[in-house]
Every structure is written in C-alpha cells, then in structure tokens.
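Residue strings, one per chain:
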2 protein chains.
Amino acid sequence: MRQHYDAARRDDANYVALSPLSFLKRAELVYSGRTAVTYGDIRRTWAQTGARCRSVAAGLAALGVGPGDTVSVLSPNIPELFELHYAVPLLGAVLNTINTRLEPETVAYILAHSDSMLVIADTAFAPLLRAAFRLNGTTLPVVDIVDAQAHAAFGKSSYEDLAAHPPMGWELPKDEWQALALNYTSGTSGRPKGVIYHHRGAYLMAMGTIAAWALPQHPTYLSVVPMFHCNGWTHPWSMAIVGANMVFTRDASPGKLLEAMAAHRVTHMGAAPIVLQMLCDSRDASAQPFNPQIRVMTAGAPPPPAVLEKAAQMGLNVMQVYGLTETYGHISQCLWQDEWEALSASARADKQAMQGVAFPMVEDIRVVDRETGADVPRDGLTQGEIAIRGNTVMKGYYKDATATAAAFKSGWFWSGDAAVVHPDGYIQIRDRLKDVIISGGENISSVEVESVLYRHPAISVAAVVARPHPKWGESPCAFVELREGASVTEAEIIAFCRAHIAHFKAPKTVVFGLLPKTATGKIQKFILRAAARDLGPHA
Amino acid sequence: MRQHYDAARRDDANYVALSPLSFLKRAELVYSGRTAVTYGDIRRTWAQTGARCRSVAAGLAALGVGPGDTVSVLSPNIPELFELHYAVPLLGAVLNTINTRLEPETVAYILAHSDSMLVIADTAFAPLLRAAFRLNGTTLPVVDIVDAQAHAAFGKSSYEDLAAHPPMGWELPKDEWQALALNYTSGTSGRPKGVIYHHRGAYLMAMGTIAAWALPQHPTYLSVVPMFHCNGWTHPWSMAIVGANMVFTRDASPGKLLEAMAAHRVTHMGAAPIVLQMLCDSRDASAQPFNPQIRVMTAGAPPPPAVLEKAAQMGLNVMQVYGLTETYGHISQCLWQDEWEALSASARADKQAMQGVAFPMVEDIRVVDRETGADVPRDGLTQGEIAIRGNTVMKGYYKDATATAAAFKSGWFWSGDAAVVHPDGYIQIRDRLKDVIISGGENISSVEVESVLYRHPAISVAAVVARPHPKWGESPCAFVELREGASVTEAEIIAFCRAHIAHFKAPKTVVFGLLPKTATGKIQKFILRAAARDLGPHA
C-alpha cells in the first residue's frame, strides 16, 4: 500500500548526491596502479592523479576558494586542466573553462560576468589575460600553469605550488543540484551566456556515454576535443569510471595527434569533423589503417560524408553525435544499424551523417513544427525545431533568468536547430534557426561579426552568413552596403575585423552591394545565404 | 557567486525522475527492429516488447491496479516475467516477484504481508498458490500465465488477455524515490523481510552495471539468474539500454542451458556458482571451449576456485560479484587486474574468488571492526563487517521501520557479512555473521529450520549449521538433543522437516547428542560449525 511504500525515508546509507567526484574517488582505489595520465615524459597512476587533485583542491582552499566560487581557467588540453575538473568541484566551487581562442574583449566579459575570483592560466595565455585585465580595469589573482613549453611566469603562485599541499579528503556535495561547471556559449545572439552544469547532470552524462559508446575497461583515450567545450564532452569524468589512460599532446596539430595515436596505441578519442579531415589529409596515403580501429566520437558540425568515408579508410570508427553547450554536449548519437553494413561506402557515410537518436541518459528529443506545436511527421522532409528534455539539460544560464525561461518554454529546452525526422526515427539537422556559422568546429555568431563591421566608418549596413569552405566547413561571408561617398577594399575590411575579434571570426569574403530587406527594413538573410552558397566554396 | 548558481531551478526541461522505464521507452524507438525476446518459437522485437508492456499495463489498469499497489508474481524466467518488470511500474505499482521454490506457508505470509491485490502466476504454480490461499483463508484475483508447457488454468483471466489491450502511453514517475519492486529476503533471522527498491536505485544499478561489466551494444543474454532474486540482478533493465537479445529457456537444467548457449550464440549471462558447476559437470569434456568466450556474472555464494578453473576451461569468462537483496544485488566486483594474467590457472581462480571492489554506482564499501568502529587494516587477516553506502541500497523494509533503522545504523547499511581486506583493497568474505546456509544459490535461514525441528515432539534442543556439500555448496546440518525417553531416526526427522518446509531447506544430516552451550545457555554455534565441517562433505 502506498503509505507503507512512502514511509521509507532517505538516509545517509541509501541516498548519496550524484557527483562525478565519486568516480575519481573510486578510481584512486580500484585502478590505483594503472596509468591515468600520459603526457610527454609524465606518467601518473590513478592513485597519484587522485592525490594530486586533492592536493590542488587543498591549495585552492588555502587561496580562499570555497563553495559557490567561480574559478576560471585558460589552458590547452594538458593534465592540469584534467585535474581541475575534479579539484575545483571538490571544494564546491565552479570550474569555468574559457575558450583560449577568444579575443581579449570576450575573455574580459566572461571573467567579469562569471564573478571569477581566481584565474588559473597556462603562461602561454598570459598576454591574452593581461589584455583582458586591462580592458576590465581590474586584475584577479592568477595561478600560473608553467608547462614545459611555457612562457614567462605571470601570476604570483604556480599550479605546482597548489599540488604541493597535503591532499585533502574526499568531500562530496550534499546536493546533486549544486553547480559544478560554467561553460560560456559562443554568444550566437550577442553576448556569450554562462551555461551552468550541475553534479547530477555530469554524473549521468558520464555514465550514459559509457553505455552508448560501449566503452570498454581501460581505453587509451587521446584528449583532442578541447576541455573548454562542454568540459570535453564530459569525457574527463567518464574516463575515471573505466580507468582509462588519458593521453595529452598539448599541440593539437595533425602530425602530433597521429604520432600520439600510433605511439600510445590510442583506442578512443573525441574530435570535431574538421580535426578528422585534417588527420585524413595529413596521413601518409600508403600507411596501414589503424588496427584495431580507433573509436571516434565526432560532433560540433555535421561531418561531410566525404570525411567519414576517408576516416573509415584510415581505420577510424566514427560515431557522430549531436548536442549543444546547454546539454553538456552530446544528446543524440548516430547509432549504427546492422543493415548499413551492406551499403556502399558512400551510402554508409550518408547514414553516419545523420544526428540519430537519443542517448540513454536523455529523456526525450522531439522535432516540433513551430507553427502547430506538433511533432513533425517522420518523412525526412518536414522541418521542425529540435526540443530536448532530460537531466543533462543545463541548470540554467548564469545571471540570466530571462534567457533561461525563454530556453525552457513549455517544459522543453529549445535548441534553435531545425531538423527533419527520417522514417527510421533518426533526426537530421537541416539548417540553423539562429545564424551560427560553424568554422573549424567553432561557433561564430553572425551578430558579433556584424557588430564589428558596423563599427567601420565606411559601412552602413552589414550582414554575415556562412559560406562553404573546403577546409573549415564554413567561413563567415559579409555582405555590406557602404556609406555615400565612402570607399574601402575587401582586404581592408577583413584586416579591420581581425584587429577587433579573433581571426577565425573575421569574414573571409566581403560582398559589396545593396542588401535585400523586408518592408519593415529587416535584412532577408535567407537570400544572402543562398547568394553565399552560389559563390561556391571559398578558394 | 553562490546565490546566482543556486537561483536556477528545476524545470520539466532539465529534471526528469530517474526510472528504468526510460530505457524501454528509448529501446522501443532506437532498437525498434532488433530482436528483444527469444523463447522457443517466439521472437519479438523491442518495438513489439515495448508495445506489449504498455498493453499489459493497460490491462492491469483495467483490473484496478494503480499507484502504490502491490502486484505479486509467481513465474519462472520467461518473457512474461521480463515484461512485468516494465508493465507493473508503468502504473506506479510495485512488482513483487516471489521465489517459486518457497513452501506454501512462506508464500502465504508474503502475499498477506505485502498487501498484494493481485497475483500473476504461471499455471505450473497453481497448486502452490492454491495452498497459500488456503492457509491465508482468503483468495486474491489471479491472472494466469498460460505457458506452452502449462498446467490447467486457475485464474479468471489470462496474461494474454492483458496483452490484448491497446497499449497505454509512457507515463514516468514524478518521484524517482517511488517504490518500484519488492523483494522478500530469505528471512535469515526469522520471517522474510520485504525489501523495497525504488526507480532511482534501479536506474543507477542498471547503468552502473553496464559500465562495470563493459557491456557492448546488442549482447545476447541468457536469462538464468531467477528474476525473483533481486529482479535478476537488475539485468532486465540493463538489457534495454544496450538493445540485447534476451534468451529464455524456462527449464534451467544444465542441458537446456548449454543447448541455448550454443544455439543462440549467447554472449552474456548471470548465474550462481552452483549453476556454473552443473554446466561444467554436464558438458561433454571433449567439446570445444566457447569462442568467443561467454561473459558470466556470478554471485550468491563465493564460487569455489575449482569451479572457476573449470569454467575458464570451457570458455566462460567469469566475474564474481557480491551483494545482498538489500543492495539490489551486486555492489562489489572482482575486477580483473592485468598482472593476474601471469598467474597459474589455480592462482588466478583464487584471485577471482575474492569479492573485490565497489561497482561505480556504489559510493562506499567499508569493512568495519565491530569492536572499535574503525576500518580493518588491509592485511587480509583482520575480520570486520561489510558496511555499504550508496543509491543502490534499498529504500527500506516494507512495514518494518524497526528493522530498517537497525540496518541503517550510523548512516551505513550493515550487511551482516564478515570479511577481510587484502593489501590491494579487495575484500573477501570469511564468514557469515548471521547463520545463513547457502545451498544451491538459495539462502536458508537456520532459524527457520530450527523452528520446524522444535515442533517435533521428540526434540528438545536444535541447532542448524552449514555442512559442505559437493553439489549444492552447503547443506543444512541439524544437531539435536532428544527429550528423555524419546526416540527418533535421522530419516524420520528429515521427513518431518520436508513435510513442513521446502525440501531444499530440510536438513540433509542429523547429529544426535548434547549441544555445546554457554554459561547462559546459548548454543555455541561456532563449535557446531567446526563439527559439521569435520564431518566432511555430504555423501
């Protein structure tokens, strides 16, 4: 009877707040002697890694870091950034991993908006950090990560000073809803937004990924996807569950990655399609395919079938996944179906280019007709917006209740991505409802680029859309109207943009002329998109 | 800052109560065309299985089953019992799987104590159910599972009548703490206790098992461990996550199992050590080992190294796990260590006989000195009691707040099992603190057998302990003192017991004589245990 079933209550014995910290706590014991970290000459076991994370946490505590504090990090994929995925949350603090490719203006904005109380930065990024501090007119305490290939020290203390502290004990959050990490979006509709992840979501994401990727015990994982993107798709937490060997290269050039893949017999990695393409292009055509195959999770942009075909030839077993910063990364996977084996290589690659079906930790993915509010038919033709529900949807946007409420309208998270549903239930993205340009795996906000263009004295009207690019997938293409009597060249506009925003965000093409507008004066971007496509791929 | 992180709230978009129902809801879509169920001539896809579960739920709702109602089941491992693991919880009702080997008295007790409002029973168990009803002096509505090998109908409706209903939609619990299943213990200290499982625990158990067992996509799983033991170690829920093919045999004789293993190319199974031993004994010695190996999870009793060695020879890759009904089954696993490869076959089997380290979904396992309350040293010698903490510890005992509070003393669940910790952190069980006898994978309460003995007019004092048994592992051995002038034979006592309790619980040996007692008259069981061991294995 219901009242008897309901009588039993939570107790410390039978209720533990879900947290990915539990995974390292266990790994320290059960994988104690196994290699956790491989980086240059460094080899550390899981016992050593666990102790280092607890030491760094103790060191951060000594610097005053406590529950609810934001700790920002500027770092490439190296062991220190991996360790911080445990050390910072261990204090109840929140890890804010900043994209190191951003321009000083955005870094300055993120440091201020996130209420960061400390920055841990690889010294290679000291100039970027210095510029951001200058823009904010304030500085923050800085802890240097002094890497082998590092530049001069900047902060007053170093990461290894932290790691010299006696390790603190394991203290897990009491509330699984507690914030764990902050990940700023690329700001597709203006300012970047701070996406809050919590311990429960990270735990479930890490667990569900293992089930869906069929991750074995003790994979050798090459850390390629930047940990400042959705915390490396939460892989740093998954890998502790299965006692992986995490291989870091710092330098993510195709040559270095290929070298590491061979030298360490890598079994698993996550990487954007652009990285796969560069690997395919760089590899000696006569080289034997990897055997056993390397299992690769790819996301960030729909991978071109040609890349998937080439990757398969070189021994990469690629599973495409789809997701957003707001969903801790991947929420759908292009789950392989046995009958695809019989298809031609190119037909198989077409299948693999779909965004697929829900991961096991995702409750629901719908594709909704924005007019009627109904699910679109499974016809592979009718477009709708992808809506998502589940425990791996963000806690909310930091200090932005309005944007959070808008994103969570009617109890679903609205992705802003338009997709179709195929008869087999697999979804495929057709277009972006927002005007994001995805170049080399990085999201570029057209609004942000436009705002720079508008600052040029010769430009009166500007709009930026995606143009196909043979290497980067897409590149920003600017359409501009000049002021009466003004004159400027394409190269001058590009140089102007590069002086104000990250180079990868600057337009690669500038088209001059009158822009198409609606009666109310709104620019008709769909016409410009078609025009940019008609230009063909960027040379 | 903390208040900003805490400001974000739960929303339908980002909070979903954890429930294993989600796994079947997803499997219905993403594995729609794959075989889910293989049983005799029956083949059903995941789409069909999902629809059948929703139909059966609709049928149960039509019979009045609703939230918080207990639905009891008496069934062997057949597809219907698997389906009920989803159909019953879908209504918010609680699935009570009853051990079909129990005697009518205990079945009667469980039906009454659990407040069952309906019984779904394979018609093979109609006589057992009829006897239980007679003992209770009441009947309950019965739904017959009319199996191919079934006996005459008993109830007014059949399971297939339920399955003929139009499928209801997916409705998930709002509260992950909601009761899902009831599993009665074997009643080691008297009456069986009803262990409540909730949706959250079942979800995490199913997910964590996949990670720790490195379960691939689409295993072929042979259903051997009875689903009335800890819901088949929660495997029926795990298998939906990975889209397994579930193979059922009904008849669990070694011959039938071996036939199914070969015919369906089984890849995974869970089974008690006694079953492994019977498989080894039954298999033609000249047969080739299974290739690829079949991965086997074994639990219920420490497997003898000799069995592990034989199992390895026949191509079974065995992982021992340990747990209790109160922990949804397994909480520790004998995780394989690479360096064991170099050991001799018998030394390897010794390692595999340890109970190992925590599963990833288990927060903590300690071995605690009962005198000092401290963790025992990792010396492989000092015994302590196993204490467990985590989300896969039961919600509590049904209608037994006192027993629940005792089990959860100081925020830990106390297992009642004594163990040592080896220097590598692996635990190994040394003795049972309670006097459970484990025979053929079934727990037998010495107290229960003793209470029957005490009912015999010739017996004045009785104590039951375990005696080694070559086939069943252990068998009950009774030590009795007779009343003055009374006389009775061993065979008569055994026959008396078999008339009152299940045959497997009846003593296989009776020893006559004065029992060793403490000054206060308490029987010194440790002396009897030694004496039973000295008798050597039962002939």
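See the structure above.
Within every chain, residues take consecutive numbers counted from 1 along the sequence as written. The naming scheme follows written order: chains are lettered A onward, ligands numbered 1 onward. With the structure being a predicted model, the display of local features is reserved for residues of pLDDT at least 70 and the display and counting of side-chain atom pairs for 80 or more, all residues being used for whole-chain, interface and lining totals. With hydrogens and water set aside, each side-chain value is computed from the structure's full complement of heavy atoms.

Colleague: Is there a simple way to explain the overall build of chain A in this structure?
Modeller: Within chain A one finds 18 helices and 26 strands. Reported as C-alpha extents along the three principal axes, the dimensions of chain A are approximately 70 × 65 × 60 Å. Relative accessibility thresholds used throughout: buried, under 20% of the residue-type maximum; exposed, over 50%; partly exposed, between the two (1.4 Å probe, protein chains only). Burial analysis of chain A (539 residues in total) assigns 62% to the buried set. For this analysis, residues touch if any pair of their heavy atoms sits within 4.5 Å. A sequence separation of at least 24 residues applies to 70% of the contacts in chain A between residues at least 6 apart. Elements are defined by DSSP. Helices are runs of H or I of four residues or more, strands are runs of E of two residues or more, and each kind is numbered from the N terminus.

Colleague: Which parts of the structure should I look at to understand the interface of chain B and chain A?
Modeller: Accessible area lost during the coming together of the parts is what is often quoted as the interface size. Taken together, the contact pairs 77 residues of chain B with 77 residues of chain A. Here the quantity called buried area is the accessible surface, traced with a 1.4 Å probe, that two parts lose on coming together, added over both. Summing both partners gives a buried area of about 6,000 Å² for chain B against chain A, and 56% of it is carried by carbon and sulfur. We define a salt bridge as a contact between a side-chain nitrogen of Lys or Arg and a carboxyl oxygen of Asp or Glu at a distance within 4 Å. There are 8 salt bridges connecting chain B and chain A. A salt bridge links B:D338 to A:R34; the shortest N-O distance between them is 2.9 Å. Any pair of N or O atoms that falls within 3.5 Å is considered a polar contact. Within protein, one atom must be able to donate a hydrogen and the other to accept it, and sequence-neighbouring residues count only if both atoms are side-chain atoms. At the boundary of chain B with chain A, the tally comes to 40 residue pairs in polar contact (both at pLDDT 80 or more). When residues of the side of chain B that touches chain A are assigned to their parent elements, the largest contribution, 8 residues, is made by helix 8 (residues 199–213) of chain B. In the side of chain B that touches chain A, the residues fall into 43 nonpolar, 15 polar and 19 charged. In this count, Pro and Cys sit with the nonpolar residues alongside Ala, Val, Leu, Ile, Met, Phe, Trp and Tyr, while Asp, Glu, Lys and Arg are called charged and the others, Gly among them, polar.

Colleague: I'm lost on the sheet that holds strand 4 (residues 94–97) of chain B in this one. Help?
Modeller: Two pairing modes exist for strands in a sheet, parallel and antiparallel, and in both the strands are linked by backbone hydrogen bonds. All names here are of chain B. At least two bridges found by DSSP between two strands are what make those strands a pair. Across the sheet, which stays open at both edges, the 8 strands sit in the order 7-6-5-3-4-8-9-19 with mixed pairing between neighbours. Two strands bound the open sheet, and with one partner strand each, they are strand 7 (157–158) and strand 19 (396–397). Across 4 bridges, the pairing between strand 3 (residues 70–74) and strand 4 is parallel. Counted as the bridge partner of V73 is T97 from strand 4. Helix axes use the C-alpha atoms of the stretch in contact, all axes being lines fitted to C-alpha atoms, and the angles between their N-to-C directions lie in the range 0 to 180 degrees. Sheet strands touched by helix 4 (residues 79–90): strand 3, strand 4, strand 5 (116–122), strand 6 (142–145) and strand 8 (179–184). Its angle to strand 4, the strand with the most contacts, is close to 150°. Contacts from helix 6 (residues 126–136) reach strand 3, strand 5 and strand 6 within the one sheet, and its direction differs from that of strand 5 by about 155°.

Colleague: For this particular structure, what's the right way to read the relation of the copies chain B and chain A?
Modeller: Note: a rotation about an axis with an accompanying shift along it relates these two copies of the chain. Least-squares fitting of one copy onto the other uses the C-alpha atoms of those residues that reach a pLDDT of at least 70 in both copies. Between chain B and chain A, the superposition needs a rotation of 180° and an axial shift of 0.0 Å, giving an RMSD of 0.1 Å. Viewed as a symmetry operation, the transformation between the two copies matches a two-fold axis. Take the interface residues of chain B: 100% of them recur as interface residues in chain A, which is what a same-surface contact looks like.

Colleague: Help me out: how do you make sense of the pairing of strand 2 (residues 42–45) of chain A in this one?
Modeller: Taken residue by residue, a regular strand's side chains alternate between the two faces of the sheet. Residue and element names in this part refer to chain A. Here strand 1 (residues 35–39) pairs with strand 2 via 4 bridges, running antiparallel. Paired with V37 across the strands is R44, a residue of strand 2. Taking the residues between adjacent antiparallel strands as the criterion, strand 1 and strand 2 are bridged by 2 residues, where G40 takes a positive phi near 55°.

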